[in-house]
Amino acid sequence: MSFFQVNDKCNGCLACVQNCPATALSYRDVGEKRKLLHNMPRCARCGNCWRVCPQDAVEFQHLLNDQWDEVATMDLLRCVVCGEPLYTMDFSDTLADKLDKNVENLCSLHRKTLPMDTWKRVTPKKTKPKEVEK
Ligand code: SF4
Ligand code: SF4
């Protein structure tokens, strides 16, 4: 998918193609048509095409606005004591599968109140504190 788009003011002058430092823009003449092409993996998102276009035709502003695009939405689990957001329900399921038992939904503060053996059971291996790994 390409995020580079041009509006109907584009007249095919190719200034963007000639000034793209990443050779991410090109064109192809097919029959009686000239196609303007963009290669997203090559694109450095530098915005130069947007700056040099004499027609103000490049619709690239959304990539320069430092905005966040939502790519996934998942159900969140919270600490059963205080309601602090913990992790996703899917992550909890993965953890439960690996540990072969359900994980208690507790934040780090309330997890500390549990006995150490419970702490070992509910904490993912990668986040185990060093003293616990001994
Ligand atoms: S943003 Fe930069 S690298 Fe991407 S197409 Fe435009 S000029 Fe080329
Ligand atoms: S520089 Fe602007 S007008 Fe020229 S081809 Fe590129 S987008 Fe179209």
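For clarity, every value in this text was computed on a predicted model and none was experimentally measured.

1. Let's talk about the nonpolar core
Phase 1: Counting 9 residues, the largest nonpolar core consists of Phe4, Cys16, Cys20, Ala24, Leu25, Cys49, Ala57, Val58 and Phe60.
Phase 2: Excluding its chain neighbours within four sequence positions, the residues that come into contact with Cys20 are Leu25, Asn48 and Cys49.

2. Comments concerning the pairing of strand β4 (residues 85-88)
Successive side chains on a regular strand alternate, one facing one side of the sheet and the next facing the other.
Phase 1: Examined bridge by bridge, strand β3 (residues 76-78) and β4 share 3 bridges and lie antiparallel to one another. Note on β4: the bridge partner recorded for Arg78 is Pro85.
Phase 2: Counting the residues between successive antiparallel strands, the hairpin from β3 to β4 contains 6 residues, one of them, Gly83, with a positive phi of roughly 85 degrees.

3. Quick word on unusual backbone geometry
Leaving glycine out, the prevailing phi sign among residues is negative, and the prevailing peptide bond configuration is trans.
Phase 1: In the Ramachandran plot, Leu14 falls in the positive-phi region, its phi being about 70 degrees despite a non-glycine side chain.
Phase 2: As for its position among the elements, Leu14 is in the segment before α1 (15-18).
Phase 3: A positive phi angle, close to 60 degrees, is found at Asp100, a residue other than glycine.
Phase 4: Here Asp100 lies in the loop between α4 (89-99) and α5 (108-111).

4. Side note on the site of ligand 1
Phase 1: Taken together, 13 residues surround ligand 1, and among them Cys20, Cys43, Cys46, Asn48 and Cys49 come closest.
Phase 2: For the shell around ligand 1, a count of residues per class yields 9 nonpolar, 3 polar and 1 charged.

Analysis parameters
- Residues numbered from 1 in each chain as written.
- Chains lettered and ligands numbered in written order.
- Predicted model: local features only at pLDDT ≥ 70, side-chain atom pairs only at ≥ 80, totals over all residues.
- Core = buried A, V, L, I, M, F, W, Y, C linked by C-beta atoms within 7 Å.
- Buried ≥ 20, exposed ≤ 12 C-beta atoms within 10 Å, placed from the backbone.
- Contact = placed C-beta atoms within 7 Å.
- Pairing = 2+ DSSP bridges.
- Helix = DSSP H or I, 4+ residues; strand = E, 2+ residues; numbered from the N terminus.
- Near = placed C-beta within 6 Å.
- Nonpolar A, V, L, I, M, F, W, Y, C, P; charged D, E, K, R; others polar.

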